[in-house]
Amino acid sequence: MDAAGGWSIWPAPAKLNLFLRITGRRADGYHALQTVFRMLDWGDTIRLRPRADGRIRRIGDSVPGLAEADDLVVRAALVLQKEVNVAQGVDICVEKRIPSGAGLGGGSSDAATVLRALDQLWQLSLGDDRLAGLGLALGADVPVFIRGRNAWAEGVGESLVPIDLPPAWYLLADPGVHVNTAALFQCPELTRNAAPATMADFVSGASLGNAFESVLRHREPAVEAVFKVLAEVGSPRLTGTGSGCFVEFATRESAEAAQMRVASRVSSRVVGGAACSPLLDALEAGVRD
């Protein structure tokens, strides 16, 4: 991306989970999931400035109140630096747009962008598989952002099969609720033994649902209120394990018309589904002076 003052600029796109099922528990205690990840053409922006002294430094806040040592962008840079014992460092600045706890993948996408961009800036050429392995240690959703493709996912979300998705536009609504994923997985009313779905089920348009939807709608009045409003313009769904809700449309015009109908009652935006992550385009373009 265009560089000025030593900074380069990289996209960190949001994602949607078009459905999310829990089909059981694995031997390691983690839940076995099925989902489809959809990349979006909107998200955060990461600015990076390489340093010669080896320091990893965050400039400004990313999420208010998040300590620098706990920030996934800092942890990603440190993991990469340790993996290859590189002498270089980096300054990191995050421009946040993706709300925290909304199930849109903001933290994971930011970490993936740092890994992919630093791999290029530090001239490491580690490759997708190695970077995805490093990313998985940071979070289950990081590998899909590393690879940057819409994907059918299983396991904890790391077993990915690229999938072609038709063009679509989404009305995203933010109830303003920060969901604690770990706590949500412990809810006794959560359905953990759904019958496994197939890719053919998804392609045929079967309603596969989100295991966390009924739990959140019952526990969080703000989420239930948003669902009721969005039901006036389509079939609302929950994304991931967060509070973010969305309705899918075939065209931007229909999504924008729906947004106008709910604008006074719901905080929302219209975004496009991407054929692949905007980060891949940025990496292909490289850093221009």
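Computed from a predicted structure; not experimentally measured.

Thresholds, definitions, all that
Residues numbered from 1 in each chain as written. Predicted model: local features only at pLDDT ≥ 70, side-chain atom pairs only at ≥ 80, totals over all residues. Heavy atoms only, no water. Patch = residues over 30% accessible without salt bridge, like charges linked within 9 Å, V, L, I, M, F, W, Y side chains within 5 Å. Areas by Shrake-Rupley, 256 points an atom, 1.4 Å probe, with all protein chains shown as cover. Salt bridge = Lys/Arg side-chain N within 4 Å of Asp/Glu carboxyl O. Helix = DSSP H or I, 4+ residues; strand = E, 2+ residues; numbered from the N terminus. Phe/Tyr/Trp six-rings, centres within 6.5 Å; stacked < 30°, edge-to-face > 60°. Buried < 20%, exposed > 50% of the residue type's maximum accessible area, 1.4 Å probe, protein only. Core = buried A, V, L, I, M, F, W, Y, C linked by side-chain atoms within 4.5 Å. Contact = heavy atoms within 4.5 Å. Pairing = 2+ DSSP bridges. Axes fitted to C-alpha atoms, helices over the stretch in contact; angles between N-to-C directions. Right-handed = clockwise from strand over helix to strand, strands pointing away. Arc of directions from axis to C-beta. Polar contact = N/O pair within 3.5 Å; in protein donor to acceptor, adjacent residues only side chain to side chain.

Caption draft 1: Expanded view of a nonpolar patch on the surface. A cluster of nonpolar side chains, contributed by Val161, Met199 and Val203, occupies part of the molecular surface with about 250 Å² of accessible area. Mapped onto the elements, Val203 comes out in helix α6 (residues 199-203).

Caption draft 2: Spotlight on the packing of aromatic side chains. In total, this model carries 4 aromatic pairs according to the counting rule given. Ring centres 5.6 Å apart and planes at 50° place the aromatic pair Phe19 and Trp152 in the tilted group. Remark: Trp152 occurs in strand β5 (residues 151-155) and Phe19 occurs in strand β1 (residues 8-25); sequence separation between them is 133 residues. Accessibility classification places Phe19 together with Trp152 in one group, the buried group. Each ring, one from Phe19 and one from Phe202, has its centre 6.0 Å from the other, and the planes form 35°; the classification is tilted.

Caption draft 3: How the structure looks around the nonpolar core. Ranked by size, the top nonpolar core spans 42 residues in total, and within it Leu48, Leu80 and Ile92 carry the most contacts. Setting aside residues up to four positions removed in sequence, Leu48 forms contacts with Gly6, Trp7, Ser8, Trp10, Val90, Asp91, Ile92, Val114, Ala117, Leu118 and Leu121. Counting residues in hydrophobic clusters, the runner-up holds 31 residues, among them Trp169, Ala173, Leu238 and Cys245.

Caption draft 4: Spotlight on the sheet that holds strand β7 (residues 169-173). Taken in spatial order, the 4 strands of this open sheet run β8-β9-β7-β10, and their pairing is antiparallel. The two strands at the open ends of the sheet, each matched to only one other strand, are β8 (237-238) and β10 (268-272). Inspection of the sheet shows β8 paired to strand β9 (residues 245-249) by 2 bridges, in the antiparallel sense. Counterpart to Arg237 in the pairing with β9 is Phe246. Contacts from helix α8 (residues 221-230) reach β7, β8 and β9, with the element oriented near 20° to β9. Taken strand by strand, helix α9 (residues 252-262) contacts β7, β9 and β10, and its axis lies near 175° from that of β10.

Caption draft 5: Expanded view of the pairing of strand β4 (residues 89-95). Most of β4 sits out of view: 5 of its 7 residues are buried. Of the strand pairs in this sheet, strand β2 (residues 31-51) and β4 are connected by 7 bridges, and their pairing is antiparallel. Each residue of the ladder has a partner; that of Leu48, found in β4, is Ile92. Relative to β4, strand β3 (residues 56-58) runs parallel, the two being bridged by 3 bridges. Bridging across to β4, Arg58 finds its partner in Ile92. The parallel pair β3 and β4 is bridged by helix α1 (residues 72-84), and the resulting crossover is left-handed.

Caption draft 6: Structural context of the environment of Arg26. Checked against the element boundaries, Arg26 lands in the loop between β1 and β2. Those residues in contact with Arg26 that lie beyond four places of it in its chain are His31, Ala32, Gly155, Val156 and Glu158.

Caption draft 7: Helix α3 (residues 128-136), seen in detail. Residues of α3 that are buried include every one of Leu131, Ala132, Leu134 and Gly135, and no others. Down the axis, α3 shows its buried residues gathered within 160° of arc, on one side only. Tucked inside the fold, the buried residues of α3 contact α1, α2 (106-121) and α4 (142-147).

Caption draft 8: The arrangement of the environment of Ser243 in detail. Of note, Ser243 is situated in the loop between β8 and β9. Considered as a pair, Ser243 and Asp174 are 69 residues apart in the sequence and their alpha carbons are 7.0 Å apart. Filtering out sequence-adjacent residues up to four positions away, Ser243 remains in contact with Gly101, Ala102, Gly103, Asp174, Pro175, Val177, Val179, Leu216, Val223 and Leu238. Of the polar contacts made by the side chain of Ser243, one reaches the backbone oxygen of Val177; its length is 2.6 Å.

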